[in-house]
Structures are given as structure tokens and as C-alpha cells.
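Structural characterization, general
Here are the chains, one letter per residue:
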Amino acid sequence: MRRVFIFLLTNIAIILVLNIMLSLLGINYFFYKIGLNIKILTISSIIFGFTGSIISLLLSKKIAKWSMNLMVIKNPSNFTEDWLLKTVNKISKNANISTPEVAIYNGEINAFATGAFKNSSLIAISANLLESMTKLEIKAIIAHEISHISNGDMVTILLIQGVINTFIILISRIFSYILDCFLLNSYDDSNYNSNYNHKIYGLITTILQIFLGFGASIVVAWFSRNREFRADHGSAKLLGTPDPMISALRHLSNISIVNDLPKSIAILGINNNFKKKSFLKLFATHPSFEKRIAILSNLYKS
């Protein structure tokens, strides 16, 4: 909750600073003259910017269960399920969080954690992963996912998205209005809003939001890559050694990972979407397995 409060406070602080700057520079008055109410626009931007992120966060577990047809383990029916529940429970205690719900699903080699609150979360592991990897490697991946939960990564990434959405909406509408007014020569002290064209305003807003959305994706991807490094380090701390996580990463680097998770969950799962020699690497949500292995190994060099 502290992390949520800090991010909300940060967003409000940035909005306040922006409004103060606009007032001091006389831009707020200019917006008022041409018919754009910056206060209402700011409030609506915050509401629309965060609404989608908050709803996605609160419904994240239900969406995952529904979209992935997850089989939540309540009463273990075999040795694997029993071992899995006990392993998750033990590692969760070491991380000082409540034991997440544990689910298995039919799909490609993958695993992910989701949930709005760290003490009410979910870990899902594919049957293919359980069959393909050693128990020590599976432990490392479980510890990695529990580190995501303990670090509040699901909450943080959606709050970051909410902050970015707020600025995309705010900035795109401000510039759209200005461009619309000047392009149509509609700014006039005596009749400043008579020629306002909603169609052109809407077109410019859409184009700007698409353009700004690309920049926002780079920011979200950068954070997502960094949270993977932190979760790898968290796995090593929870297990007392980096070797299982390094082994798991090496195993994953030698196979072709097909991320068949729904788009809303894909960023949470195992991914090898890193492009080494292309600007597309800026949009990669996960770092390369090689870099993760190198960083994890360097952290624990004697």
C-alpha cells in the first residue's frame, strides 16, 4: 500500500507542478481564453488515465483464471501438485508474504504471477514447464515469481502505466487544441471558439496519442526489464544461492520460448522478446537470458 500511495502522490505532485508552471507562464490564461479549461482537463486526464489500470489490476486474477483456463490447486491430487503447493508455501514464508493461490495450466513452457495485493496473489505454472525442468529449476522460477509479488511489481507496473496514460491524455489534448486553433485561424479575442472543429481536434488527438503511446511503451518496457533483474536477485536470496536461477535461465535460453499468454498477461510471463541489434530492443519487456545470467553471476562473485 505504501508503494501505491507513493506513486499516486508522485502523479498528483507532477500534475500540481505542471499546473503551477502553466499558471506562472500565463498558459492557463491562454487556454481559458481559447476555451480550454485546464483544471477540468487535468482532472479528467487523471480519472481516465488511471481507471483502466486500476480495473485491470483489481480484476487481474479473475482475468488470468478465465483467459488461461487455470486449474487452481486446492486439494492436491498427485505428488507433483503436493510438492508444488508445499514449495510455494515454504518460499512464500521466506518472503514474508501469504501463500499465493497456485494453478497449473496446459500451455507452452511459462509461468507468471498476478494479483492486486501481495497477500492475495496467484502463481500459475504450465504443465510443460513442470515436465521439462528439474525441481531445483522450478524452485528458482517459483522464487522468481514470488519476488515479483513481494516487490509489488504487478501494482507498480500498472501504476506507471496509469501515470503515463494521464500525461498522454493531458498532453495530446492540450497540443491538439492549440494546433487546431492555429491551423484553422480560430483564435480570436472577441469570438475565440466559434470556428472550433471537433473532427480535426479528434484526428490530431488520436495521432498524438499513438505517437506518445510509442514513447510510453519504451518507459514501461524499461521498467519491466529492470524488474526481471530484481526478481532474479530475489530468487537467489530466497534460495540462498543464485545457482538454481542461473541453471533455469540457461535451460530457457537453449529452448524456443513461445509466449502463448494473452496480451494482458504476456508481460508477466517468461519471454525472450529481446532484440539485440535493433531499436526494437527498446520495446522488449524482458532482457536477454544471457544478460540476466551475467548480471546474476556478477552479483554473487566472491
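Counting of residues starts from 1 at the beginning of each chain's written sequence and follows it residue by residue. Per-residue local features are limited, in this predicted model, to residues with pLDDT of at least 70; the limit for side-chain atom pairs, both in listing and counting, is 80 or more; totals at the level of whole chains, interfaces and linings are taken over all residues. To get the side-chain values, all heavy atoms of the structure are used, and hydrogens and water are removed first.

With that out of the way, let us pick up the overall build of the chain. Counting from the N terminus, the helices are DSSP H or I runs at least four residues long and the strands are E runs at least two residues long. Looking only at helices and strands, one finds 12 helices and four strands in the chain. Under the scheme applied here, a residue whose accessible area is under 20% of the maximum for its type counts as buried, over 50% as exposed, and between as partly exposed, the area being computed with a 1.4 Å probe on protein chains only. Burial status across the chain gives 45% buried among its 302 residues. If you take every contact in the chain between residues at least 6 apart in sequence, the share linking residues at least 24 apart comes to 70%. Contacts are residue-level and defined by heavy atoms, with any inter-residue pair within 4.5 Å sufficient.

The next thing to look at is unusual backbone geometry. Backbone geometry places Asn 69, a non-glycine residue, at a positive phi of 55 degrees. Of note, Asn 96 is a non-glycine position whose phi angle comes to about 60 degrees, a positive value. Judged by relative accessible area, Asn 96 falls into the exposed class, the value being 67%.

Note on ring pairs: Phe, Tyr and Trp rings are taken, using the six-membered ring of Trp, and paired if centres are within 6.5 Å. Classes follow the plane angle, with under 30 degrees stacked, over 60 edge-to-face and the rest tilted. Overall, the coordinates contain one aromatic pair when judged by the stated rule. Pairing Tyr 105 with Phe 112 gives two aromatic rings, centres 6.1 Å apart and planes at 50 degrees, and the pair type is tilted. Here Phe 112 falls in the buried class, since its relative accessible area comes to 0%.

With respect to the secondary-structure elements, Ile 141 resides in helix α7 (residues 135-151). For Ile 141, a relative accessible area of 4% gives the class buried. Distance from Ile 141 to Phe 112, taken between C-alpha atoms, is 9.2 Å for residues 29 residues apart in sequence.

So, about the sheet that holds strand β4 (residues 120-126). Taking strand neighbours across the sheet as the criterion, the four strands line up as β1-β2-β4-β3 in an open arrangement whose pairing is mixed. Among the strands making up the open sheet, the edge pair consists of β1 (71-72) and β3 (111-117). The pairing criterion for strands is at least two bridges between them, as found by DSSP. Examined bridge by bridge, β1 and strand β2 (residues 101-105) share two bridges and lie antiparallel to one another. Directly across from Val 72, in β2, lies its bridge partner Ala 103. Helix axes are fitted to C-alpha atoms over the stretch in contact, other axes to C-alpha atoms as well, and angles between N-to-C directions run from 0 to 180 degrees. Contacts between helix α5 (residues 79-94) and the sheet are confined to β1, β2 and β4, with β2 contributing the most and set at about 140 degrees to the helix.

This part takes up the packing of α7 against helix α10 (residues 243-253). With their axes 8 Å apart at the nearest point, α7 and α10 run at an angle of 100 degrees to one another. Compared by their axis directions, α7 and α10 come out roughly perpendicular. Contact residues: α7 offers Leu 136, Glu 137, Ala 140, Ile 141 and His 144, while α10 offers Pro 244, Met 245, Ser 247, Ala 248 and His 251. Residues were grouped as follows: Ala, Val, Leu, Ile, Met, Phe, Trp, Tyr, Cys and Pro as nonpolar; Asp, Glu, Lys and Arg as charged; and all remaining residues, including Gly, as polar. Tallied by class, residues from the contact of α7 with α10 come to six nonpolar, three polar and one charged. Here roughly perpendicular refers to angles of 65 to 115 degrees, roughly parallel to angles under 35, roughly antiparallel to angles over 145, and oblique to all remaining angles.

Let us look at the pattern of salt bridges. A pairing counts as a salt bridge when a side-chain nitrogen of Lys or Arg comes within 4 Å of a carboxyl oxygen of Asp or Glu. This model, assessed by the stated rule, comprises seven salt bridges. Salt-bridge contacts for Glu 228 lead to Arg 227; the nearest nitrogen and oxygen are separated by 3.7 Å. Each member of the pair Glu 228 and Arg 227 is classed as buried. As a salt-bridge pair, Asp 232 and Arg 292 come within 2.8 Å of each other at their nearest N and O atoms. Residue Asp 232 is located in helix α9 (residues 198-239), and its partner Arg 292 is located in helix α12 (residues 289-299); the two are separated by 60 residues in the primary sequence. Look at the salt bridges and you will find they share partners, linking Arg 227, Glu 228, Asp 232 and Arg 292 into a network.

The score called pLDDT rates the predictor's confidence residue by residue, from a low of 0 to a high of 100. Averaged over all residues, the pLDDT of the chain is 79; the fraction at 70 or higher stands at 75%. Summarising per-element confidence for the chain, the mean pLDDT is lowest in helix α1 (residues 2-24) (56) and highest in α7 (95).

Examined against the element boundaries, Ser 60 turns out to sit in helix α4 (residues 60-68). The class of Ser 60 is buried, set by a relative accessible area of 11%. Pairs of N or O atoms within 3.5 Å make up the polar contacts considered here, provided that, within protein, one atom can donate a hydrogen while the other can accept it, and that residues adjacent in sequence are counted only when both atoms are side-chain atoms. Of note is the side chain of Ser 60, whose polar atom sits 3.4 Å from the side chain of Thr 114. Within the local environment of Ser 60, its side chain forms a polar contact with the backbone nitrogen of Gly 115, the two atoms lying 3.3 Å apart. Residues contacting Ser 60, with those up to four places away along its chain left out, are Thr 114, Gly 115 and Ala 116.

On to the pairing of β3, then. Across the seven residues of β3, six count as buried, placing the element largely inside the fold. Here five bridges tie β3 to β4, and the two strands are oriented antiparallel to one another. Of the residues in β4, the one forming a bridge with Phe 112 is Ala 124. Once β3 ends, the chain turns through two residues before running back antiparallel as β4.

In this section: a nonpolar patch on the surface. On the surface, a nonpolar cluster with roughly 520 Å² of combined accessible area is contributed by Ile 54, Ile 55, Leu 58, Leu 59, Ile 63 and Phe 117. For the nonpolar patch, the element with the most residues is helix α3 (residues 38-58), which contributes three residues. Along the chain, Ile 63 falls in helix α4. A relative accessible area of 31% places Ile 63 in the partly exposed class. Grouping into patches uses exposed residues only, defined as over 30% relative accessible area, and leaves out salt-bridged ones; the cut-off is 9 Å for like charges and 5 Å for nonpolar side chains (Val, Leu, Ile, Met, Phe, Trp, Tyr). Residue-level accessible areas treat just the shown protein chains as cover; the underlying method is Shrake-Rupley with a 1.4 Å probe.

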